[in-house]
Amino acid sequence: RPTLMVQKIHYAYPPYTGLPTKETNHVGDIRGVEGTKVTIGALASQKIKNAYVDFDADGTSDLQMKTDGDRAMITIPLELREDRRTPVHPRYALRFTAEDGRQNVEPPIYSIEVTPDYGPEVSITQPEAPEQVARLADVIPIGIEARDPDYGLKSVTIVGKVDDAEPQPLLEMINEPQTGRAVATKLFTPGDAGLKPGDVLEYWAVALDGRPEPNIGLSEHRRLKIIGPDK
C-alpha cells in the first residue's frame, strides 16, 4: 500500500520578527506566524510519479510538489483570511501516484495553525484633558505611550485635521523600531502648524508595527481650539 509521510518541516519566519529558522522532524502538523515560509519534505514508500498538496483534505490536487525518486518537497506561505483569525487552509494532506500507477488513497490529514501578527496599541498621555484651548504661540507638550504585543513598533505619529480636511502629520513621535513599552513627548506650537484663530484641531496618534503591510493602532481623539492673542 503506497504511503507518503512528512519527514521534516522547515520554518523560515518573516525577517522583521527576528525569529531564527526552525525545523521539525516526523511531525506533519504546521504552526507558525502569518507570513512564514514553510517547506515540507516528505518520503514515499516507493518511487514517485507525481505528488500534490491537497489543501483542506477534500480530495483535490491543489499544488504540485517537486519530486526526486521517493522524495517530495514544496514551500508554502502561512496566510490568514480577511478576518485575520482563520487560516486560508486549516488542514492539508499529501497525495501521490507511484510509478506503478497506485495511489495513497487515504493519506494522513495534518492541521495548519496560523498565528496573527497583532496590531500595536497607542494612547495619548499628554495633555490629559480631551479638549484644550491654546493661542498660536503656545507650546503644548504632547505625550504618547505605545507597545506592540509581539514583534515591535516601527513608528508613532501624531496626525490631525481641521473640519473635513484630510488628516496631516503633525509630530513624529517615534521613527525607529522599538520593542516593549515606548514613551515619547514632543512640543507642539499651533502657529508652526499653520493653524489660525477659530480653528478646532482634531488630533490622534497612529502607531505602525514592522509587518510588511503594517498593522495600525489608533489612539483616542483629542481637540484643540485655537484662540486669538490677548488684547
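Computed from a prediction, not measured in an experiment: that's the story for all the values here. (Residues numbered from 1 in each chain as written. Predicted model: local features only at pLDDT ≥ 70, side-chain atom pairs only at ≥ 80, totals over all residues. Heavy atoms only, no water.)

Draft legend 1. Spotlight on the pairing of strand β19 (residues 222-227). Residue alternation in β19 divides its side chains into a buried set, Arg222, Leu224 and Ile226, and an unburied set, Arg223, Lys225 and Ile227. Strand direction decides the pairing type here: strand β12 (residues 131-135) and β19, joined by 5 bridges, are parallel. Looking at the pairing, Gln132 lines up with Leu224 of β19. Across 4 bridges, the pairing between strand β17 (residues 200-209) and β19 is antiparallel. Along β19, the bridge assignment pairs Leu201 with Leu224. (Buried < 20%, exposed > 50% of the residue type's maximum accessible area, 1.4 Å probe, protein only. Helix = DSSP H or I, 4+ residues; strand = E, 2+ residues; numbered from the N terminus. Pairing = 2+ DSSP bridges.)

Draft legend 2. Spotlight on the pairing of strand β14 (residues 153-162). For β14, a buried count of 8 out of 10 residues is recorded, marking the element as mostly surrounded by other parts of the structure. As defined by bridge partners, β14 adjoins β17 across 9 bridges and the pair is classed as antiparallel. Paired with Leu153 across the bridge in β17 is Asp209. Sheet topology places β14 next to strand β15 (residues 168-174); 5 bridges connect them, and they run antiparallel. Residue pairing for β15: Thr157 is matched across the bridge by Glu172. Linking two consecutive strands that pair antiparallel, namely β14 and β15, is a turn of 5 residues; a positive phi of about 55 degrees is found at Asp163 within it.

Draft legend 3. A look at the environment of Thr17. Among the secondary structure elements, Thr17 is positioned in the loop between β1 (4-12) and β2 (22-25). Judged by relative accessible area, which is 10%, Thr17 ranks as buried. Sequence separation between Thr17 and Asp117 is 100 residues, and the spatial gap between their C-alpha atoms is 9.4 Å.

Draft legend 4. Here's a closer look at the sheet that holds β2. Pairing is antiparallel in the open sheet, where 5 strands are placed in the order β2-β1-β4-β8-β7. Looking at strand neighbours, the two that pair on one side only are β2 and β7 (66-68), the edges of this open sheet. Adjacent strand axes in the sheet meet at a mean angle of 20 degrees, parallel and antiparallel pairs treated alike. (Axes fitted to C-alpha atoms, helices over the stretch in contact; angles between N-to-C directions.)

Draft legend 5. Region of the structure containing the environment of Ala129. Here Ala129 lies in the loop between β11 (121-126) and β12. Sequence separation between Ala129 and Leu224 is 95 residues, and the spatial gap between their C-alpha atoms is 10.0 Å.

Draft legend 6. Molecular detail of unusual backbone geometry. Cis geometry is found at the peptide bond from Gln126 to Pro127, where omega equals -10 degrees. Positionally, Pro127 belongs in the loop between β11 and β12. If you check the backbone angles, His26 has positive phi at about 60 degrees while not being a glycine. Residue position: His26 is located in the loop between β2 and β3 (30-33). For His26, a relative accessible area of 59% translates into the label exposed. Not every positive phi belongs to a glycine, and Ala57 is a case in point at roughly 50 degrees. Judged by its relative accessible area of 17%, Ala57 is buried.

Draft legend 7. Local environment of the pattern of salt bridges. If you walk through the whole model with that rule in mind, you get 11 salt bridges. The salt bridge partner of Arg223 is Glu131, with a shortest N-O separation of 3.6 Å. Taken as a pair, Arg223 in strand β19 and Glu131 in strand β12 lie far apart in primary sequence, 92 residues in all. Residue classification places Glu131 among the exposed positions, given a relative accessible area of 54%. Each of Glu34, Arg84 and Arg211 takes part in salt bridges that share partners, so that together they form one network. (Salt bridge = Lys/Arg side-chain N within 4 Å of Asp/Glu carboxyl O.)

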